[in-house]
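A structural walkthrough
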Amino acid sequence: MNSNAKTSNLIKTIVIICDFLVLNVLLYANIHFDWSFMDFTIGGDDSICFFTANAGMLFAQYFFSTVIHERRSTSEQVLRQVTLLVLLFGVITFVMQILVFQYEGLTFPGSRFILSLTPTVYVGILLSRYYERWLIKRYRMMGSNRRDVVFIGSDPLMVAAYKYLVGNQFMGYHVKGYYSDDRLEMCPNGLEYRGTMADFEKMIESNGGPAIADEIYCSLPVAEEGRIRRIMRYCNNNVVHFYYIPSFSQIFGHTVKFEHLGETIVFTNYEEPLANPTNRLVKRVFDLAVSSVILLCLLPFIPIIALIIKLQSPGPIFFKQSRTGMNGREFQCYKFRSMHVNKDADLVQATENDPRKFAFGNFMRKANVDELPQFFNVLKGDMSIVGPRPHMLHHTEVYRDLIDKYMVRHFVKPGITGWAQVTGYRGETKELWQMEGRVQRDIWYIENWSIWLDLRIIGKTALQIVIHDKNAY
């Protein structure tokens with residue numbers, strides 16, 4: 001059991017060493033190969049470069065070291081940690097340069113060094129981090145540095161916990177099975193039934209060797225308090241991590257989240273990070289900054305786009321349509337018009353070979369150019385850059401009765417792009433299951449929002465512009 005912790009610490013140490021290798025390779029390459037785009041050598045004294053940069057990295061690692069050795073670290077957490085690491089590295093390195101140059105009586109060269117080095121180190125460490133994450137995944141898939149898990153109980157939430165633990169091979173979990181007096185309904189094939197609760201208690205009472213698992217997840221009802229306490233005592237005595245999964249499925253039908261109401265714990269059916277005023281402010285500031293820049297860059301191209309639209313199809317340049325927004329409120333969504341004016345625009349989705357599209361409109365839709373005016377909706381506050389895509393009013397009326405939790409997606413502002421769109425649920429919804437999948441992903445986004453997740457979705461959307469999405473039409 002302790003070997004797992006030692007291996008994880010070793011992984012962390014190796015990754016930190018790799019960060020310093022990346023930093024010093026980039027410095028060495030610039031100095032000896034004279035990369036013009038990284039011209040940051042200082043006053044002919046290369047030792048100052050290496051000293052200040054490595055000292056800055058050493059301080060930054062103390063506060064924002066890697067998290068990829070942690071089993072449950074996500075891609076968003078990795079991105080966040082690298083971003084904060086390199087930003088702090090840049091600030092500390094810059095300050096140290098000022099101090100060192102003053103101490104040596106040399107002329108300080110300004111910010112050129114740090115402005116060139118920081119973005120390069122950011123890209124280098126980020127690429128190395130995701131490669132390291134891939135290597136750790138392969139290492140754990142081979143059976144090394146894994147953690148054994150045992151489940152206790154038969155609450156349906158155990159199935160969700162099982163799927164989470166084994167669904168991401170990077171985490172390296174091996175579920176040995178579950179003990180319960182009742183069999184799990186809809187039990188996955190890989191989740192083995194090991195015996196009754198009497199079998200389990202007999203085993204832990206007679207076990208004199210290594211612990212039966214690294215982690216135990218228990219979903220027994222609170223009424224079985226005595227049995228739960230015996231399991232916890234066993235875990236405490238054998239250095240096993242104990243986790244209790246509240247048995248709420250029979251009451252609520254799905255997982256619930258807990259919140260603090262003063263000193264009282266209350267439960268809610270959905271967790272909303274954007275209910276926090278600070279998170280809303282961060283998202284709004286980001287939306288305003290990015291949309292302002294994009295709209296300014298778009299201004300010179302609007303006359304060109306307008307001319308081509310007019311030449312290919314009579315009618316307005318912009319397409320305006322009522323959509324369902326936050327809290328179910330109606331708003332006007334703007335796009336560049338990509339179809340001939342038609343009476344079905346508010347009722348029928350675009351199809352792959354839709355005769356209503358004209359040539360340039362078809363190109364705009366595939367390249368996402370038609371969506372650019374929605375940045376004006378973002379400025380107005382009707383939309384966000386990232387969020388559930390707003391649907392036509394007609395579709396809202398239809399699907400709210402057909403799909404459970406459909407209206408939950410309106411707890412937040414709709415977005416120009418979203419988690420559903422970058423995970424295979426973009427475009428036309430020919431079957432009901434497609435819209436159900438989109439709604440599930442929209443709700444997942446609402447419950448798991450972070451600015452780092454938004455950046456990840458924006459990156460995936462940008463990639464779809466380069467690598468054509470077959471569902472974009």
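From a predicted model like this one, the values you see are computed outputs, not experimental measurements. Position labels on residues start from 1 in each chain and follow its written sequence. The model is predicted, so local features are restricted to residues of pLDDT at least 70 and side-chain atom pairs to those at 80 or more, both for listing and for counting; the totals for chains, interfaces and linings are taken over all residues. Heavy atoms throughout the structure, all of them, feed into the side-chain values; hydrogens and water do not.

1. A few points about the overall build of the chain
For the purposes of this entry, the term helix denotes a DSSP run of H or I that reaches at least four residues, the term strand denotes a run of E that reaches at least two, and both are numbered from the N terminus. Counting secondary structure elements, the chain contains 15 helices and 11 strands. Looking at the chain as a whole, 47% of its 473 residues qualify as buried. Across the chain, contacts joining residues at least 24 apart in sequence account for 70% of those joining residues at least 6 apart. Working definition: with a 1.4 Å probe on protein chains only, accessible area under 20% of the residue-type maximum means buried, over 50% means exposed, and in between means partly exposed. In what follows, residue pairs with any heavy atoms lying within 4.5 Å of each other are defined as contacts.

2. A few points about unusual backbone geometry
In the Ramachandran plot, Asn145 falls in the positive-phi region, its phi being about 50 degrees despite a non-glycine side chain. Residue position: Asn145 is located in the loop between helix 4 (112-141) and strand 1 (147-152). Residue Asn145 is classed as buried on the basis of its relative accessible area, which comes to 6%. Of note, the phi angle at Asn327 is positive, near 60 degrees, even though the residue is not glycine.

3. Quick look at a nonpolar patch on the surface
On the surface, a nonpolar cluster with roughly 420 Å² of combined accessible area is contributed by Leu463, Ile465, Val466 and Ile467. In this fold, Leu463 is placed in helix 15 (residues 451-466). A patch consists of residues exposed above 30% relative accessible area that lack any salt bridge, with like charges linked at up to 9 Å and nonpolar side chains (Val, Leu, Ile, Met, Phe, Trp, Tyr) linked at up to 5 Å. Using a 1.4 Å probe, the Shrake-Rupley method yields the accessible areas, and only the shown protein chains count as cover for residues. A pairing counts as a salt bridge when a side-chain nitrogen of Lys or Arg comes within 4 Å of a carboxyl oxygen of Asp or Glu.

4. Description of the confidence of the model for the chain
The predictor attaches a confidence to each residue, and that confidence, scored 0 to 100, is pLDDT. Averaged over all residues, the pLDDT of the chain equals 84, while 86% of them reach at least 70. No element of the chain has a lower mean pLDDT than helix 8 (residues 249-252), which averages 52, and none a higher one than strand 10 (residues 384-386), which averages 96. Note on residues 36-44: pLDDT under 50 across the span, and 23 contacts to partners over four residues away in sequence or across chains.

5. Digging into the packing of helix 9 (residues 277-298) against helix 15
Helix axes use the C-alpha atoms of the stretch in contact, all axes being lines fitted to C-alpha atoms, and the angles between their N-to-C directions lie in the range 0 to 180 degrees. One can describe the packing of helix 9 onto helix 15 by two numbers: an axis separation of 10 Å at closest approach and a directional angle of 30 degrees. Of the residues in helix 15, those in contact with Val282, Lys283 and Phe286 of helix 9 are Ile451, Asp454, Leu455 and Ile458. Under the convention adopted here, Pro, Cys and the residues Ala, Val, Leu, Ile, Met, Phe, Trp and Tyr are nonpolar, Asp, Glu, Lys and Arg are charged, and Gly plus all remaining residues are polar. When the residues that make up the contact of helix 9 with helix 15 are grouped by side-chain class, the tally is five nonpolar, no polar and two charged.

6. Let's talk about the nonpolar core
What we call a nonpolar core is a set of buried Ala, Val, Leu, Ile, Met, Phe, Trp, Tyr and Cys residues that are connected through their side-chain atoms within 4.5 Å. Phe89, Val121 and Phe151 are the most contacted members of the largest nonpolar core, which totals 73 residues. Residues Val150, Tyr179, Ile204 and Leu220 belong to the second largest nonpolar core, which totals 17 residues.

7. Examining the side chain of Arg438
Mapping Arg438 onto the fold places it in helix 14 (residues 432-447). Here Arg438 sits buried without a salt bridge, and the closest side chain of opposite charge, Asp442, lies 5.8 Å off (N-O distance). The residues contacting Arg438, other than those within four sequence positions of it, are His391, Ala420, Gln421, Tyr425, Arg426, Gly427 and Thr429. For the purpose of charge, His is not counted, nor are the chain termini; Lys and Arg are scored as positive and Asp and Glu as negative.

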